[in-house]
Amino acid sequence: MRIHPRYTQRLAVTILGGATLLTLGVLAFIIVFVLQKGLPAVSIDFLLSNPQDMGRAGGIFTTLIGTIILPLLAIIVAAPLGVSTAVYLTEYTAETRITRMIRFGTDCLAGVPSIIFGLFGFIFFVTTLGMGWSILSGGLTLAFMILPTIIRTTEEAVKAVPKSYRQVSFSLGATRWQTVKRVILPNALPGILTGIMLGVGRSIGETAAVIFTAGSSLRLPSSILDSTRTMAVHFYILAREGISSENAYGTAATLIIAVLLINLTAYWMMNRFIAKRS
Amino acid sequence: MIVLLSIFVIASLMGGCGKSKTSITLAGSTAFQPFAEKLAEQYMSTHANVSITVQGGGSAVGVQTAISGAAQIGMADLVVLPEEAKQLTPTIVARDGIALVLNPANKVINLTMQQVREVFNGKIKNWKEVGGADSPITVVSREAGSGTRSSFEQIVTEISLTKDALIQDSNGTIRETVANDPNAIGYLSHGLLNDKIKAIKIDGQECTTELITTGSYKLVRPIYLLVKGTPQGEVQNFIDYILSADGQQTIKANGLIPAK
Amino acid sequence: MNVIGEKGVQRILSVTAFSAISALLLIALFILNEGLPFIFRYGLHDFLLTSDWEPQAGKFGIFPMVAASVWVTLGAMVVGAPLGIAGAIFLSEFVPKSVMRVVKPTIELLAAIPSVVYGFIGVMVLAPLIRTYLGGPGLSLLAACIILGIMILPTVISISIDSIQAVPQSYREGSLALGATTWQTIHMVTVRAAKSGIIASIILGMGRAIGETMAVIMVAGNAVKIPHSALDSVRSLTANIALEMSYATGLHREALFATGVVLFVVIIILNSVAIVALRKRVAKK
C-alpha cells in the first residue's frame, strides 16, 4: 500500500526532528548538569586559592596552572614541528610512495588511543629517561599525541589553498619559501589554527596519559621537572575518590567553561581573520 | 608575542632546576597515600627546603618505582613483601586494618571468614544466603597490584576472585562504588572509613582500632616505606619525622594505627 | 634580508620534518618492539582467543577484553550513528542557515568536553538508573555503550553535516525539478551522494570509541569476563592497559604492549577502510 510522499515526508521530519531534539537534549543536559552543580562552587577565590587538605577545601589554582602549562608545552613542541612537517611534505616534496606512507602512518597515529601514548610516555620518559613524573614527561607525551593531528589538519589546510594562488605567485617570480610564507600559510591559517585548537582541546581533556606521566601533585610546580595536576585529573580524583563532590563539580564547571572559551576565541579569531582577508 | 610569552614561562620554570630544594617523591599504596600527603604537608610547613610529592598507583607501583628510582620512597601495604623488594630497606611506619564494607542500606552486619571467602570466590551469589535481602551480590575488588588486595587475599586465604567482580583502582574509588550500590561488598583501609559506607564484623570481631591492635580482628597489615639502599639525608629525615611522636599522632588521629 | 636563503629554509624544514617523523616512528617502533616479540612467543591464537587473564600465573588471554571492546564499540555505534546521522540530516536540510550557524559550533564545542566528565555523569546518573530499572551492578556494558554513543555524537554529526552540505545544490534542484518531495530528495539523492563522508564520520566515531579509556574505566565495571548480557560488567582493551600498566613488569608489561599493538592494528584497518570510502567520494566527483 503506497503512502503519499507528503505523509512519508511528514513522518520523516518528525522522526528526524525527534532524534535531533533527543541528541541536543542529552548534550545540553550534560552541560547543564555539570554547570548547575558546579557553578555555585566557582568564584574568584576558588580559582585563585590553592587546594587544601588534598582538595577537600580550598580552590584549584595549582591545577589551573597545570592545565595551562602542560598543553602550552605540548603546543610549543608540536605546533612548529607539525606545521613545518606538513608544509615540507606538501610544498617541498613530490607525491611519492614514501610521502603517501608517511601520510598514512600519520593518519593512523592520529587515531591511536591516548592510553598507548600514556604507556609510551610512562615507560620512556618517566622511567627509562628518568624524567620522573613531571611537566616535561607529560608535555612531551602530549606533544607526541597531538603531533599527528596537527600534521594532518595543516596538510589539509595547505592542500585546500587553490593551485592557482601558487601558480600566480611563482609566475610573479617568488621563490617557494616566499610563496609559502606570504601566500599559502596566511590562506591556510584558519585550518592550521583549527588543528592546533583541536590539539589544545585534547591536551586539556586528557586524563589517563597525563596521570601516568605528569603525576598528580597538588603543589605549585617550580620547575619543569616537578609533577603537576591538571583540572581534568583533579576532577577525576576528587569525583572518583569521593573527596569533595562540590569541588569536583566546581572543577568540571571551570574546565567546561575554559574549553568553551578557548573554542569560542578560536572561532572568533578565525572569523576575523577570514573577514580581514576578504 | 605568544612565542616570547611561552619562552618566558618555560624559562622561569627551568629556573627552578638549580635550586637548593631537595625533592622527594613517594609513590605506591593508595591506602597510605592520603596520610602520606598529610604528613608531607605538615613536614614541609617546618622544612621549607624540602619538596615532597605523593603519587598513588598501588603497592606494586611503590615497590617498582622505589627500585627504578622514579620514586625516592615507595609505599607498600603488604603482609609479605615480594621477592624484588629484597634490595630495598623497609621501615614500618603504621599498621592498618582492612575493613570489609557494605552499603549502609544493607542489613547484614556480620560474616564469617568462610562466608567472606565464598562471597569473593563467587560461590555465594545472593545476599539472602548470608542473611540479607534477596538480591545478587556485587563484588568490588582492587586490581592485582594493590597491596590491600594482596594482603586481603593472603589473610583470608584460598581466594580465587570471581570473574564477575568489578575492579576499581584505588581505596577511595571502592568506597564510592560501595556507597552508591546497595548490593555491593568491598574492602578498604580502616583508615578510610566514613559514614557513606559501613564496616561489618568478621567472625564477630569489629573493625576497630582496639581489636586491630590486639589482633582479634584478623585483617591487618603493616605499611612499609621502601627505600633503595640505606635511606639518607632528607629521605631519612622525613621517615624519622613520620616515626616521631608528631607523625605517629597524625597517623593515629586520622584512623591508622601507630607502628609500635 | 635573505639571511638564511631559500636553500637554508628548505634544509630547516626538511630537518624539522625529519625529526617529527622520526619521533612518531620512534613511538610506533617502541610499541611494536615491546609487544610483537611477546605475541610471537605466546602465540597470537592463545593471546587473542583464550579467556584466562591471570598475569600472576603467566596467563595472558585477552579474549574477554577483545569481546568487551568489540561490544562496546558496536553498542556505541548503535547509539551514536543513527542519532548522529538523523541529527545531521535534520540540521542540514530542514533547519535554516542562521540557526545552523549557532548550532554547529555548539555541537563541535561539545566534542571538547573531557571524557572524564561524561564518565562521571555515567557513574552518578546512568549506572544507578540501569541498576534500579534493569538490574545488574549498573556499571555495565550497557552504560559504556550509551555513554560512548553520546560521546561520539558530536563527531558523527559535525562530519556528516559537512558531507551533506558538500553535496552540490544542483543535485537537490535536479531532484526537486523532477517532482520529488524534499524528503525523497534527501534519502534518495542527497544522503546517497554524501554516503562516503557519512561512513567516514562513523568510522572516525568508531575509532574514538575503541580508544576511549577513562569513561569506560568509570562506567563499565572492569570485570574480566566475557559479557553474556548488556548488564554485565566488562573491561575493554584500553581499560586493561590503563589499570595494569603502572605496576606491570616483565612478561606482564610486554603483554600490555602487545595489547597496544592489537589496538594499533585495529586502527590501521579502520583507517584503511576510511581511506577507501573517502576515495570513492573523490572519484565520484
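Values in this document were obtained by computation on a predicted structure and should not be read as measured data.

## Observations concerning the overall build of chain C
For chain C, the count of helices and strands is 12 helices and two strands. With respect to the principal axes defined by its C-alpha atoms, chain C has extents near 70 × 70 × 35 Å. The 285 residues of chain C split such that 54% are buried.

## Some points on the domain arrangement of chain C
The figure often quoted for interface size is the accessible area lost as the parts come together. Residues and elements named next belong to chain C. Domain assignment breaks chain C into domain 1 (2-45) and domain 2 (62-284). Placing a centre on the C-alpha atoms of domain 1 and another on those of domain 2 gives a separation of 29 Å. Contacts between domain 1 and domain 2 engage seven residues on the former and seven residues on the latter. When grouped by side-chain class, the residues that make up the side of domain 1 that touches domain 2 number five nonpolar, one polar and one charged.

## Structural notes on helix α11 (residues 237-244) of chain C
Of all eight residues in α11(C), eight are buried; the element is thus mostly enclosed. Of all the residues in α11(C), the buried ones are C:L237, C:T238, C:A239, C:N240, C:I241, C:A242, C:L243 and C:E244.

## A few points about the nonpolar core
All names here are of chain C. Core analysis: the largest hydrophobic core is formed by 257 residues, its most contacted members being V72, A143, I147 and V219. The element best represented in this core is helix α6 (residues 141-166), accounting for 17 residues. Residues contacting V72, with those up to four places away along its chain left out, are L141, A144, C145, L148, A209, V216, V234 and S236.

## Quick word on the interface of chain B and chain C
Every contact between the two is made by 17 residues of chain B and, on the other side, 18 residues of chain C. Listing elements by their share of the side of chain B that touches chain C, those giving two or more residues are α3 (59-68) and β7 (166-168) of chain B. Broken down by element, the residue count for the side of chain B that touches chain C peaks at three residues, all from α3(B). Residue composition of the side of chain B that touches chain C, by class: six nonpolar, six polar and five charged.

## A look at the packing of helix α3 (residues 61-92) of chain A against helix α6 (residues 135-160) of chain A
Residues and elements named next belong to chain A. Interhelical geometry of α3 versus α6 gives an angle of 35 degrees and a closest axis separation of 6 Å. Classified by chirality, the crossing of α6 by α3 is right-handed. Broken down by class, the residue content of the contact of α3 with α6 amounts to 22 nonpolar, six polar and three charged.

## A closer look at the interface of chain A and chain C
Counting residues at the interface gives 63 residues for chain A, matched by 59 residues for chain C. Element by element, the count of residues in the side of chain A that touches chain C is highest for helix α1 (residues 5-38) of chain A, at 17 residues. Looking at the side of chain A that touches chain C residue by residue, the classes come out as 43 nonpolar, 17 polar and three charged.

## Some details on the pairing of strand β2 (residues 50-57) of chain B
All names here are of chain B. β2 sits mainly inside the fold: seven of its eight residues count as buried. Relative to β2, strand β1 (residues 22-28) runs parallel, the two being bridged by six bridges. Bridge pairing in β2 places T25 opposite T53.

## Describing the domain arrangement of chain A
All names here are of chain A. Parsing chain A into structural domains produces domain 1 (5-39) and domain 2 (42-277). The centre of domain 1, based on its C-alpha atoms, is set 31 Å off from the matching centre of domain 2. Residues of the side of domain 1 that touches domain 2, tallied by class, amount to four nonpolar, one polar and one charged.

## A closer look at unusual backbone geometry
The bulk of non-glycine residues show a negative phi, and the bulk of peptide bonds are trans. All names here are of chain B. Despite not being glycine, E158 has its phi angle at roughly 55 degrees, a positive value. Note that E158 resides in the loop between α5 (147-156) and β7. Overall, the presence of 10 C-beta atoms within 10 Å leaves E158 in the exposed class.

## What to know about the environment of A:V126
As for its position among the elements, A:V126 is in helix α5 (residues 114-128). Put simply, A:V126 and A:S137 are 11 residues apart on the chain and 6.2 Å apart in space, counted from C-alpha to C-alpha.

## Quick look at the pairing of strand β4 (residues 88-102) of chain B
Remember that side chains alternate between the two faces of the sheet whenever the strand is regular. All names here are of chain B. Across the 15 residues that make up β4, a large majority, 11, are buried. When β4 meets strand β11 (residues 220-228), the two strands line up antiparallel, connected through nine bridges. Residue pairing for β11: R95 is matched across the bridge by P222. With two bridges connecting them, β4 and strand β12 (residues 257-258) associate as antiparallel partners. Bridging across to β12, R95 finds its partner in I257. Of the strand pairs in this sheet, β4 and strand β8 (residues 184-189) are connected by five bridges, and their pairing is antiparallel.

What counts, and where the lines are drawn
Residues numbered from 1 in each chain as written. Chains lettered and ligands numbered in written order. Predicted model: local features only at pLDDT ≥ 70, side-chain atom pairs only at ≥ 80, totals over all residues. Helix = DSSP H or I, 4+ residues; strand = E, 2+ residues; numbered from the N terminus. Buried ≥ 20, exposed ≤ 12 C-beta atoms within 10 Å, placed from the backbone. Domains from an automatic or database assignment. Contact = placed C-beta atoms within 7 Å. Nonpolar A, V, L, I, M, F, W, Y, C, P; charged D, E, K, R; others polar. Core = buried A, V, L, I, M, F, W, Y, C linked by C-beta atoms within 7 Å. Axes fitted to C-alpha atoms, helices over the stretch in contact; angles between N-to-C directions. Left-handed = near helix turned anticlockwise from the far one by under 90°. Pairing = 2+ DSSP bridges.

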